[in-house]
Amino acid sequence: MGAALVAPARAAPTADNDPPEQIVNGDFTNGSSAPWWWTANNPATVVDGRLCADIPGDTTNPWDAIVGQSDLPLIAGESYTLSFTATASVPVTITTNVQMAVDPYTAELSEHDQIDAAGVPIHHTFTAQASNTAAQLAFQVGGGSKAFTLCLDDISLRGGAEPPVYTPDTGSPVRVNQVGYLPDGPKNGTLVTDTTTAQTWTLKNAGGTAVATGATKPGGTDPTSGQNVQTFDFGSYTTPGSGYTVTIGDEVSEPFSIANDVYSSLRTDSLAYYYHQRSGIAIDGSLAGASYARPAGHLNLAPNTGDNDVPCQPGVCDYTLDAAGGWYDAGDQGKYVVNGGISVSELMNTYERTLTAAGADGAALGDGKLKVPERGNGVPDILDEARWELNFLMEMQVPDGHPLSGMAHHKLHDQAWTGLPQAPEKDGQLRELHPPSTAATLNLAAAGAQCARLFKPYDAAFADRCLTTSTKAWTAAKAHPAVYADPNDATGGGAYSDSNVTDEFYWAAAELFITTGADTYRQAVLASPLHGDSAAVFPSDGFSWGSTAALGALDLAAVPNGLTADQLGIVRTMVTHAADRYAADSQGALYGAPYAPPGNHYVWGSNSQVLNNAVVLGVANDLTGESKYRNAVLHALDYVLGRNPLNQSYVTGFGERDSHNQHSRIWAHQLNADLPSPPAGTLAGGPDSQLEDPTAQSKLTGCAPAMCYIDDIQSYSTNESAINWNAPLAWVASYVDDLGSHGSGVKAACQVTYTAYRWGGGFTTQVTLKNTGTAAVSPWELQWSFTDNQKITDRWQAEITQAGQKVRAKPAAWNGSVPPGASVNFGFNGTSSGQVSDPKPFTMNGGTCDIVK
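Residues numbered from 1 in each chain as written. Predicted model: local features only at pLDDT ≥ 70, side-chain atom pairs only at ≥ 80, totals over all residues. Heavy atoms only, no water.

Focus on the packing of helix H5 (residues 438-455) against helix H7 (residues 502-516)
This is how it is decided: Axis definition: a line fitted to C-alpha atoms, limited for helices to the stretch in contact. Angles are taken between N-to-C directions and run from 0 to 180 degrees. Only DSSP runs of H or I with at least four residues qualify as helices, and only runs of E with at least two residues qualify as strands; both kinds are numbered from the N terminus onward. Here the angle decides the label: under 35 degrees means roughly parallel, over 145 means roughly antiparallel, 65 to 115 means roughly perpendicular, and every other value means oblique. By convention, the crossing between two helices is left-handed when the near helix turns anticlockwise from the far helix through less than a right angle, and right-handed when the turn is clockwise. Pairs of residues are marked as contacts when any of their non-hydrogen atoms sit within 4.5 Å. Nonpolar residues are Ala, Val, Leu, Ile, Met, Phe, Trp, Tyr, Cys and Pro. Charged residues are Asp, Glu, Lys and Arg, and all others, Gly as well, are polar.
It is the contact of H5 with H7, at a shortest axis distance of 8 Å, that shows an interaxial angle of 20 degrees. By the criterion of interaxial angle, the relationship of H5 to H7 is roughly parallel. Two packed elements cross with a definite hand, and for H5 against H7 that hand is left-handed. From H5, Thr438, Ala439, Leu442, Asn443, Ala445, Ala446, Ala449, Gln450, Ala452 and Arg453 reach across to H7, where they touch Glu504, Phe505, Trp507, Ala508, Glu511, Leu512, Ile514 and Thr515. Split into classes, the residues belonging to the contact of H5 with H7 amount to 11 nonpolar, 4 polar and 3 charged.

Given below as structure tokens:
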């Protein structure tokens, strides 16, 4: 860091009440650069009373070029103000740190300052968390592609400043879903106000014309934010359009749309996130966008040590694995089996729902529809994306002939934490396999079993490989049921430790039973202490990578399998009881979110917990047709997209006030103007009331739970992206896009009487569809999905088609119109295996019908 220099004495205060100056020679008036230092690649000198350095281009990390001063005394609990003027010959973003001078370089202040030729004064205030007799000020100015000249002047660090008070910019107090609403769905908003009496709201179209009005409902103090709020409901307005706003007094909401296709791009963009996160493949700019193109990362091409031949940590194993591919987990570039398992499962669930749920449409997920390089291969694109991760998960299995064979290594990542930003192809660190764990092994078993049934129609060999890997993993986990990841193994990557794997055993047994029908797995499901315990399987704060039993229960409830009717009833009751709790939470929340963690303890990744609760609600709606579940799903999306205490859309590219500085080593525009912001469809983790990173601690201390968020790249505990957070976003976006395509799942003016007569291995069914409305229905189309293995063989008085479990009934040539109060009758014969249950819900022309028992 340059030649050693003798530091002059610190400057004395300029007045009796001035805090002491800690910087020596901050104005360079004596023509000397002492005691400033710099890295060897950016020599500096004093020019016209400023310290100027030539910063090289094409460096990788911010700390590859530094100008700094050492031996700065800091006192714990004291507040300090740093001020300086900086110019750059080209616009750049520099990192300004006051930090320890030795590893681990813990920062008391870390800010990102955008500078150019203007030389605007910059000020930062912070409170020291620890005393330090020899801290350093480091201007980290590397990491850019272009060379430039940096000049610094008037640098001052004075102690005794007032502690900083961070006040978030929350914009308008009128909070809405900034993307929009379905025409036939609920439309709610929240007003932040000191007023306790009802206010008049006005809905205006893009031209400023009032189209609806009403009164707000005072709600009192919102316990998640401490704000006094009122709510409003404009659900009766259904006219499609864009540029709508809600005005209350002088306050105007962010603009939004009302449209059936309002979520179609969210569906595709939230899934495109996974292509961006791929390891081991070059990202094609024609698919991802030119600014997101990059070479393949971690392919054993210098400087990568790569993932093709990865050794274990010392003492863990004596072999290497080819574990290339897969998805980078989050803002780091590690790959974790326990996080990959839930993520790929939810993507597969997104697709599998289109095979089982009435009104679900797989076309938007099909071949040629998503931004993946495999498009055009005859396989649904969403399965192509899932396959990229499934291959990696299977590569992590311990080979035959070695200790713990059949188990899965817990994770793979760099030997030490990588810098921020860090391009994957420029990562020169050693990659290492970490020890196997029972949790990882059961993730592999569950995901592999699901893979086997979904890929069978498209690639039987791959499906067989998935099932073979899955059953081997199950056997290994049963033999080693208590091998846990070390909670202290968190150097270079997250620990992802989990010492309770009853939930993973339940999930894996469920998936294997659905796929194989083997009684061994049925008995494992029924014998689980979790079976039938809705509160344990579906926690109030949502399921997650560490609580995965819900994945098994949801699939048992929705995917045809060999459970008896009574056994299936227990599972579905678990789902609906959980959905009842979440729907009640949503209805009681002043911002509508179906999320009520104990003590309002918002966790790391709280947005994903909100959305995982919405997944449960969506499945319950598929099973029952009850609108309260559908409404709560839509309210969850409202919360994520702007109807929240911060007026923040947490999804990049969606809404006027969207998160776009998520913690990422690849998408780091906030740190380096040459790099992009995260791609559209990237979900931020959301409020974390524990404040588990220095930026959150310095800015958000004392925050109310739902306010504990900041859109800053350094705040990894509130603002990271992750594969397991985007997965429920994709599921929910797909679900609500289907609602828009099929009438939002609202009630239709119809009743269905469904009477089935069982005989031997078959059945005969009579269906009566009654028009309960005031106008004729012409033509009609009735849809439903079987929840078990029923196959229609003969039909009469209607045109009936079946695809998998999904059934469509259309009029015969003579009964296409149903007058008010009239009915149409039709029927069919079929065969069945396993239990036979009456299907529900039934939808007529997209709306849900009542069922007559």
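Here the narrative resumes.
Some words on the packing of aromatic side chains
The criterion, for reference: The rule is short: rings of Phe, Tyr and Trp, with Trp giving its six-membered ring, pair when the centres are within 6.5 Å, and they are stacked under 30 degrees, edge-to-face over 60, tilted in between. Each residue's exposure class comes from its accessible area (1.4 Å probe, protein chains only) as a fraction of the maximum for that residue type: buried when under 20%, exposed when over 50%, partly exposed otherwise. A ring has a charge above it when a Lys NZ or an Arg CZ is no more than 6 Å from the ring centre and no more than 35 degrees off the ring normal.
Counting across every chain of the model gives 35 aromatic pairs. Relative to Phe256, the ring of Phe234 has its centre 5.7 Å away and its plane inclined at 40 degrees; by these criteria the two rings are tilted. Taken as a pair, Phe234 in the loop between strand S17 (228-233) and strand S18 (241-248) and Phe256 in strand S20 (residues 256-258) lie far apart in primary sequence, 22 residues in all. Taken as a pair, Phe234 and Phe256 share a single burial class, namely buried. With a centroid separation of 5.5 Å and 40 degrees between ring planes, the pair formed by Tyr754 and Phe842 is classed as tilted. Of this pair, Tyr754 sits in strand S28 (residues 747-759) while Phe842 is found in the loop between strand S34 (823-833) and strand S35 (843-844), placing the two residues 88 residues apart along the sequence. By relative accessible area, Tyr754 is classed as buried at 10%. In textbook terms, an aromatic cluster arises when at least three aromatic residues are bridged by ring pairs, as seen for Tyr754, Phe763, Trp780, Trp784, Phe786, Phe826, Phe828 and Phe842. Lying over the aromatic face of Trp731, Arg353 brings its terminal NZ or CZ to 5.7 Å of the ring centre. In this arrangement the basic side chain of Arg581 is found over the ring face of Tyr582, its NZ or CZ atom lying 5.5 Å from the centre.

Describing unusual backbone geometry
Residue Pro421 is reached from Leu420 by a cis peptide bond, and omega for that bond is 0 degrees. In this structure, Pro421 sits in the loop between strand S25 (411-414) and strand S26 (431-433). Omega for the peptide link from Ser778 to Pro779 comes to -10 degrees, which places this bond in the cis form. Mapped onto the secondary structure, Pro779 falls in the loop between strand S29 (762-771) and strand S30 (782-785). Positive phi outside glycine occurs at Tyr105, with the angle close to 55 degrees. For Tyr105, the position within the fold is in the loop between strand S6 (92-99) and strand S7 (107-115). The backbone of Asn600 shows a phi angle near 50 degrees, a positive value even though the residue is not glycine. With respect to the helices and strands, Asn600 occurs in the loop between helix H11 (565-588) and helix H12 (606-624).

Thoughts on the sheet that holds S25
Inclusion rule: DSSP-based pairing: two strands are paired if at least 2 bridges between them are found.
The strand order across the open sheet formed by 3 strands is S23-S25-S26, and the pairing between neighbours is antiparallel. Two strands close off the open sheet at either side, each with one partner strand: strand S23 (335-336) and S26. With 3 bridges joining them, S25 and S26 adopt antiparallel strand pairing. The residue bridging Leu412 from the neighbouring strand is Leu433, located in S26.

Some words on the packing of helix H3 (residues 337-356) against H5
The N-to-C vectors of H3 and H5 enclose an angle of 25 degrees; their axes lie 9 Å apart at closest approach. Considered as vectors, H3 and H5 are oriented roughly parallel to each other. Classified by chirality, the crossing of H5 by H3 is left-handed. Contacts between H3 and H5 involve Val337, Val338, Gly341, Ile342, Val344, Ser345, Met348, Asn349, Tyr351, Glu352 and Leu355 from the former and Ala439, Ala440, Asn443, Ala447, Gln450, Cys451, Arg453 and Leu454 from the latter.

Concerning the sheet that holds strand S1 (residues 37-38)
Pairing within the open sheet is antiparallel, and its 5 strands lie in the order S1-S4-S9-S6-S7. Here the strands that pair on one side only, and so sit at the sheet edges, are S1 and S7.

Some details on the confidence of the model for the protein chain
Selection rule: Confidence scores per residue from the predictor, reported as pLDDT, run from 0 to 100.
A residue-level look at the protein chain finds 96% of positions with pLDDT of 70 or above and a mean pLDDT of 93. Ignoring residues within four places in sequence, the model shows residues 1-16, a span with pLDDT below 50, making 23 contacts including any to other chains.

Points about the pattern of salt bridges
Inclusion rule: Salt bridge, as used here: a side-chain nitrogen of Lys or Arg that lies within 4 Å of a carboxyl oxygen of Asp or Glu.
Using the criterion set out here, one finds 23 salt bridges in the structure. For the salt bridge of Glu374 with Arg278, the shortest nitrogen-to-oxygen distance reads 2.9 Å. Here Glu374, found in the loop between H3 and helix H4 (381-395), pairs with Arg278, found in the loop between helix H1 (264-276) and helix H2 (285-288); they are 96 residues apart in sequence, far enough to count as distant. Residue Glu511 pairs with Arg453 through a salt bridge whose shortest N-O separation is 2.7 Å. Taken together, the positions of Glu511 in helix H7 and Arg453 in helix H5 put the pair 58 residues apart, joining distant regions of the chain. Judged by its relative accessible area of 0%, Glu511 is buried. Residue Arg453 is classed as buried on the basis of its relative accessible area of 17%.

What about the environment of His112?
The condition that has to hold: Pairing of N or O atoms within 3.5 Å defines a polar contact, subject to two protein rules: one partner must be a possible hydrogen donor and the other a possible acceptor, and residues neighboring in sequence count only if both atoms are side-chain atoms.
Structurally, the position occupied by His112 is in strand S7. When the C-alpha atoms of His112 and Ala584 are compared, they prove to be 43 Å apart, with 472 residues separating the residues in sequence. The residues contacting His112, other than those within four sequence positions of it, are Thr93, Ile94, Thr95, Gln670, Leu671, Asp712, Ile713 and Gln714. A polar contact is formed between the side chain of His112 and the side chain of Gln714, at a distance of 3.2 Å.

Some points on helix H16 (residues 723-741)
Defined as follows: Under the convention used throughout, the expected extent of a helix is 1.5 Å for every residue step, that is, one less than its residue count.
Under the 1.5 Å per step criterion, the end-to-end length of H16 is 27 Å for 19 residues, consistent within 8% with the ideal 27 Å. The element H16 is largely enclosed, with a buried count of 18 among its 19 residues.

A closer look at the state of the cysteines
The criterion, for reference: Note on terminology: disulfide denotes any pair of cysteine sulfur atoms within 2.5 Å.
The full count for this structure, using the stated rule, is 5 disulfides. One disulfide bridge connects Cys703 with Cys708, the sulfur atoms lying 1.9 Å from each other. Linking Cys703 and Cys708, the disulfide has an S-S dihedral of approximately 105 degrees and is accordingly described as right-handed. Judged by its relative accessible area of 23%, Cys703 is partly exposed. The residue that forms a disulfide with Cys750 is Cys849, at a sulfur-sulfur distance of 2.0 Å. Torsion about the S-S bond of the Cys750 and Cys849 cystine: about -100 degrees, corresponding to left-handed handedness. Taken together, the residues Cys750 in strand S28 and Cys849 in strand S36 (residues 847-852) connect sequence positions 99 residues apart. Like Cys849, Cys750 is buried. Taking only the cysteines that form disulfides and numbering them from first to last, the protein chain has the pattern 1-2, 3-4, 5-6, 7-8, 9-10.

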